[in-house]
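An overview of the molecular structure
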Amino acid sequence: QVQLVESGGGLVQAGGSLRLSCAASGSIFRFYAMGWYRQAPGKQRELVAVSRTGGSTNYADSVKGRFTISRDDAKNTVYLQMNSLKPEDTAVYYCYMNVADYSNYWGQGTQVTVSS
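Notes on the structure in this doc start here. Values in this document were obtained by computation on a predicted structure and should not be read as measured data.

1. Digging into the state of the cysteines
For the structure shown, the criterion picks out 1 disulfide. Between the sulfur atoms of cysteine 22 and its disulfide partner cysteine 95 the distance amounts to 2.1 Å. With the S-S bond torsion at -80°, the cross-link from cysteine 22 to cysteine 95 turns out left-handed. Of this pair, cysteine 22 sits in strand S3 (residues 18-26) while cysteine 95 sits in strand S9 (residues 91-100), and the two are 73 residues apart along the sequence. Across this residue pair, the class does not change: cysteine 22 and cysteine 95 are buried.

This is the structure:
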């Protein structure tokens with residue numbers, strides 16, 4: 001069993017920055033990717049960013065140029081640096097780890113609120 005614990009969410013004014021962290025613990029033999037989803041009220045869940053084994057990354061168009069995903073594999077931790085935050089970024093952010101086809105672990109979610 002793997003547990004993912006998120007931190008770093010909070011309230012910030014538009015234009016500000018936050019850094020989310022997601023630390024994985026447990027029996028981790030290998031994983032293919034770690035990343036972040038978000039879900040805002042009344043909207044579908046959106047893939048924000050993903051970091052794959054080998055170093056490739058992908059971002060949602062809405063966050064390109066503002067968000068950066070990174071990993072510290074020694075700590076089994078993934079980060080999401082969020083700059084130039086907009087009210088539209090307000091959502092619950094969920095960390096995930098992909099360990100096999102159709103097999104993911106999920107964090108509990110952390111609230112990010114951006115005021116105008």
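Having seen the model, we can carry on.
2. With respect to the side chain of glutamate 6
Position of glutamate 6 relative to the elements: it lies in strand S1 (residues 2-7). Buried within the structure, glutamate 6 lacks any salt-bridge partner; arginine 45 is the closest side chain of opposite charge, at an N-O distance of 11 Å. Engagement of the side chain of glutamate 6 in a polar contact is seen with the backbone nitrogen of cysteine 95, the distance being 2.2 Å. Here glycine 109 takes part through its backbone nitrogen, which lies 2.3 Å from a polar atom of the side chain of glutamate 6. Once you skip the residues sitting within four places of it in the chain, glutamate 6 turns out to touch Ser21, Cys22, Trp36, Tyr93, Tyr94, Cys95, Gly107, Gln108, Gly109 and Thr110.

3. A closer look at unusual backbone geometry
Even without glycine at this site, asparagine 76 takes up a positive phi of about 50°. You can see asparagine 76 is positioned in the loop between strand S7 (67-72) and strand S8 (77-82). Look at asparagine 76 and you get partly exposed, because its relative accessible area is 24%. Positive phi outside glycine occurs at tyrosine 102, with the angle close to 60°. Counting through the fold element by element, tyrosine 102 comes out in the loop between S9 and strand S10 (103-106).

Rules and cut-offs
- Residues numbered from 1 in each chain as written.
- Predicted model: local features only at pLDDT ≥ 70, side-chain atom pairs only at ≥ 80, totals over all residues.
- Heavy atoms only, no water.
- Disulfide = S-S within 2.5 Å.
- Helix = DSSP H or I, 4+ residues; strand = E, 2+ residues; numbered from the N terminus.
- Buried < 20%, exposed > 50% of the residue type's maximum accessible area, 1.4 Å probe, protein only.
- Lys, Arg positive; Asp, Glu negative; His and termini not counted.
- Salt bridge = Lys/Arg side-chain N within 4 Å of Asp/Glu carboxyl O.
- Polar contact = N/O pair within 3.5 Å; in protein donor to acceptor, adjacent residues only side chain to side chain.
- Contact = heavy atoms within 4.5 Å.

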